[in-house]
Structure formats: C-alpha cells, structure tokens
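Now for the letters of each chain:
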Amino acid sequence: MSGRLLVIGLGPGDDRYLTREAHDALLAADALYGYGPYLDRFPVRPSQLRHASDNREEGARAEAALRHAAAGARVAIVSGGDPGVFAMAASVCEAAETGPEAWRAIDIAIVPGITAMLAVAARAGAPLGHDFCALSLSDNLKPWGLIERRLDAAASAGFVIALYNPVSRARPWQLAKAFTLLGRHLPGTTPVIFGRAVGRPDESLIVTTLAAAGEAAADMATLIIVGSSETRVIARESLGPLVYTPRAVESVIA
Ligand code: SAH
C-alpha cells in the first residue's frame, strides 16, 4: 500500500501567509517532517507525529518521509516560503528518483507557498515588475566560481536579481564579493533592497544603493533584491520609498 507525500510551503512568515490549501493539508497529515522552528510555527493535531530535524539534513529528511509514506501514511514535509524554491521539493524528487522502486509509486504533491522574494518585493513596491532572476549565494551545493559567472551573466543581461542565502557564519565574504561583481555592470546608484524576516514580528526593510549596499546588514533571514539599470525609487515624505521596475524597456542592453 502506498501513501501520500505532500511537500508544503508555509510562506515567509506567520500564518497570515499560509494558503488555505497548505493549512488544510497540514491538518490532514498523519505525520509532519521539517526543520524544528517551522514545525513550531503553528498548532497541529495532538495525534499527529512530528519529526523535527536540522535544516542541513534535507536528503535524510526526504528519505525518511518517503519511507514513511511508502508504508501507507499521509506524510507532509514543510518548507519555509515555497517548497520548490531552494527547498525540500527538489530533495524529495531527487530521493524519489534514486531510491527504491516503491517510492516512485507514492503520490507526491507539492503545495506552493509565497516565496521570500515575492514577500520582500511586495513590501518595497514592484521591483520585480520586469524580467528578473533568483540566485542562491550559498556555495554549499555549487562552486563559488559558478555563482560568480551567473551574477555576471544576470547583471549584464539586465535582470533584476533576487539573492537568497546571502550570508551565513561559514560564508562571511561572499556577499561583498557579489556586490563588487555586480558593480562592474551596474551604476552605484542602482537600488538595492534588504528585506529581513518579512512577515514576522521582527521584520525590517532597507532600501539603499549598490554603492552603499555593503554597509547594510544581512543575515540568514535576509533576502536581497538588486535592481537593474531600469529600477527606480520614488522618495516619499512620510512614507517609505517606493521601488519599482517599469514594465517596458526601451533599449537593447549592450
Ligand atoms: N523556500 C524558501 C527559501 C529557502 S532559502 C522560500 O521560498 O522563501 C533560505 C533563504 O530565503 C534565506 O537565507 C533568505 O534569503 C530567504 N528568506 C526566507 N524567509 C525569509 C523572510 N521571511 N524574509 C526574508 N528572507 C527570507
């Protein structure tokens, strides 16, 4: 008998950001797997099993959940934001592809959530109004040289760039290097947004420029959006600045 495995996105913050679909799927699960602080974010049924694990154990967590689902249970794995964006959904697919035959008979469904990039963009205005891309600055799962190539390519192609995982204790210098690389393609006046813990009580938003970006604090709960040469900032008297990227671009970027 094979069960069901749901990979559920919780959104970036508290339960205001949880979709109805995600909420219902969480309630219906026999067992929940995920990073401890995510599991603690909402009350669940007492009869529901909870398997909290460390954020770095994604592969092992995916395998444990698939094994459990293969035994017939309705299992849910939770991710912050959207589970398909630098998160568990791809780990589950990878484990299903390489694991035992029985795992490929499991009904795997992905329940989307609001990803950090969209929550931060909404706070700032409409910086993703034209073409954009998202990059993780973490070199845990790819070489730093590849990150540099992608930053160069994205900035020179005129994309607005969302940077996930901008810093961690093990990666202290990468963000400053990224800003330096981007500065080769973009003017120092390019708007840069730092959105921290968006959707949570300690949320903060800083709008600065590429030239000054190095001085703004970023940590593991921060998502950074680097504008393109088209991105604009409307300064407002008593309200915060409104950042947007116009829908239309006039010229072909060299
Ligand atoms: N699946 C998640 C991303 C996981 S990678 C999503 O879709 O949002 C983890 C990175 O996401 C963090 O380092 C940070 O860059 C970003 N992030 C997650 N939650 C955030 C929040 N509430 N505010 C700002 N950035 C956040």
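Predicted model only: the values in this text are computed from it and were never measured.

K.L.:
What is the right way to read the overall build of the protein chain from this model?
P.N.:
For the protein chain, the count of helices and strands is seven helices and 13 strands. Dimensions along the principal axes, computed over C-alpha positions, put the protein chain at roughly 60 × 40 × 35 Å. Relative to its full complement of 254 residues, the protein chain shows a buried share of 45%. For the protein chain, contacts bridging at least 24 residues in sequence account for 67% of all contacts bridging at least 6. Accessible surface, the protein chain as shown: approximately 12,800 Å² in total, 55% of it carbon and sulfur. The centroid of the 24 positive side-chain charges in the protein chain is displaced by 1 Å from the centroid of its 26 negative side-chain charges.

K.L.:
Sorry if this is basic, but what is going on with the site of the ligand here?
P.N.:
In the region of the ligand, 20 residues are neighbours, and Asp82, Val85, Thr115, Met220 and Thr222 sit closest. Within the backbone of Asn165, a nitrogen or oxygen atom sits 3.1 Å from an oxygen atom of the ligand. Contact between the ligand and Met220: an oxygen atom at 2.6 Å from a main-chain N or O atom of the residue. Look at the ligand: alone it shows 540 Å² of surface, and the protein chains cover 91% of it. Its residues placed into classes, the shell around the ligand shows twelve nonpolar, six polar and two charged.

K.L.:
Looking at this model, I keep getting lost on the packing of helix 6 (residues 144-156) against helix 7 (residues 174-183). Mind explaining?
P.N.:
Any two packed helices are characterised by the angle at which their axes cross and by the distance between the axes. Between helix 6 and helix 7, whose axes approach to 9 Å, the crossing angle comes to 35°. Once helix 6 is placed against helix 7, the crossing between them reads as right-handed. Between helix 6 and helix 7, the residues in contact are Trp144, Glu148, Leu151, Asp152 and Ala155 and Gln174, Lys177, Ala178, Leu181 and Leu182, respectively. Looking at side-chain class alone, the contact of helix 6 with helix 7 contains six nonpolar, one polar and three charged residues.

K.L.:
It is not clear to me how the side chain of Ser136 should be interpreted in this structure. Could you clarify?
P.N.:
On the secondary structure map, Ser136 appears in strand 7 (residues 132-136). From its side chain, Ser136 meets the backbone nitrogen of Ser138 in a polar contact 3.2 Å long. Here the side chain of Ser136 touches Asn165 through a polar contact of 3.0 Å, side chain to side chain.

K.L.:
How should the packing of helix 3 (residues 58-70) against helix 4 (residues 88-98) be read in this particular structure?
P.N.:
Helix 4 packs onto helix 3 with a crossing angle of 60° between their chain directions and a minimal axis gap of 9 Å. With respect to the hand of their crossing, helix 3 and helix 4 are arranged in right-handed fashion. Touching Glu58, Arg61, Ala62, Glu63 and Leu66 of helix 3 are Met88, Ser91, Val92, Ala95 and Ala96, all from helix 4. A breakdown of the residues in the contact of helix 3 with helix 4 according to their chemical character gives six nonpolar, one polar and three charged.

K.L.:
What is the right way to read the sheet that holds strand 1 (residues 4-9) from this model?
P.N.:
Strands pair in a sheet through their backbones, by hydrogen bonds, and they do so in one of two ways: parallel or antiparallel. Here we have five strands laid out as an open sheet, ordered 3-2-4-1-5, and parallel in their pairing. Since the sheet does not close on itself, it has two edges, and those belong to strand 3 (49-53) and strand 5 (107-111), each with one partner. The sheet shows a mean angle of 15° between the axes of neighbouring strands, taken without regard to direction. Pairing of strand 1 with strand 5, which is carried by five bridges, proceeds in the parallel orientation. When the sheet's bridge partners are listed, Leu6 is paired in strand 5 with Ala109.

K.L.:
Would you take a moment to explain the pairing of strand 8 (residues 160-164) for this structure?
P.N.:
One face of the sheet, then the other: side chains in a regular strand alternate in exactly this way. The buried fraction of strand 8 is high, at five of five residues. Residues Val160, Ala162 and Tyr164 of strand 8 are buried on one face, and the alternating residues Ile161 and Leu163, pointing to the opposite face, are buried as well. Inspection of the sheet shows strand 7 paired to strand 8 by five bridges, in the parallel sense. Its bridge partner being in strand 8, Phe132 is matched across the sheet by Val160.

K.L.:
Help me understand the side chain of Ser53, please; the structure alone is not making it clear to me.
P.N.:
Residue position: Ser53 is located in strand 3. Its relative accessible area of 19% is what places Ser53 among the buried residues. In this structure, Ser53 is in contact with Gly34, Tyr35, Gly36 and Arg61, ignoring residues within four places of it in sequence.

Cut-off values and rules
- Within any chain, residue numbers begin from 1 and follow the written order of that chain's sequence.
- Residues qualify for local features only when their pLDDT is at least 70, as the model is predicted, and side-chain atom pairs are given and counted only at 80 or more; totals for whole chains, interfaces and linings, by contrast, use all residues.
- Hydrogens are left out, water is left out, and the side-chain values use all remaining heavy atoms of the structure.
- Starting at the N terminus, helices and strands are each numbered in turn, a helix being any DSSP run of H or I of at least four residues and a strand any DSSP run of E of at least two.
- Categorising residues by exposure relies on relative accessible area from a 1.4 Å probe, with only protein chains included: less than 20% of the type maximum marks a residue as buried, more than 50% marks it as exposed, and the intermediate range marks it as partly exposed.
- Contact definition: two residues touch when any of their heavy atoms are within 4.5 Å.
- Here, Shrake-Rupley sampling with a 1.4 Å probe gives the accessible areas, and only protein chains in the shown set may cover a residue.
- Counting rule applied: Lys, Arg positive; Asp, Glu negative; His and chain ends not counted.
- Here the site of a charge means atom NZ of a Lys, CZ of an Arg, CG of an Asp or CD of a Glu.
- Consider each residue's heavy atoms; a residue with any of them within 4 Å of a molecule or strand counts as near.
- Polar contact is the term for a pair of N or O atoms within 3.5 Å; when the atoms are in protein, one must be able to donate a hydrogen and the other to accept it, and sequence-neighboring residues count only if both atoms are side-chain atoms.
- For this classification, the nonpolar set comprises Ala, Val, Leu, Ile, Met, Phe, Trp, Tyr, Cys and Pro, the charged set comprises Asp, Glu, Lys and Arg, and every other residue, Gly included, is treated as polar.
- To get an axis, a line is fitted to the C-alpha atoms, and for a helix only the part in contact is used. The angle between two axes follows their N-to-C directions and goes from 0 to 180 degrees.
- Here a crossing is taken to be left-handed if its near helix is turned anticlockwise relative to the far helix by less than a right angle, and right-handed if that turn runs clockwise.
- Pairing between strands is defined by DSSP: at least two bridges between them are needed.

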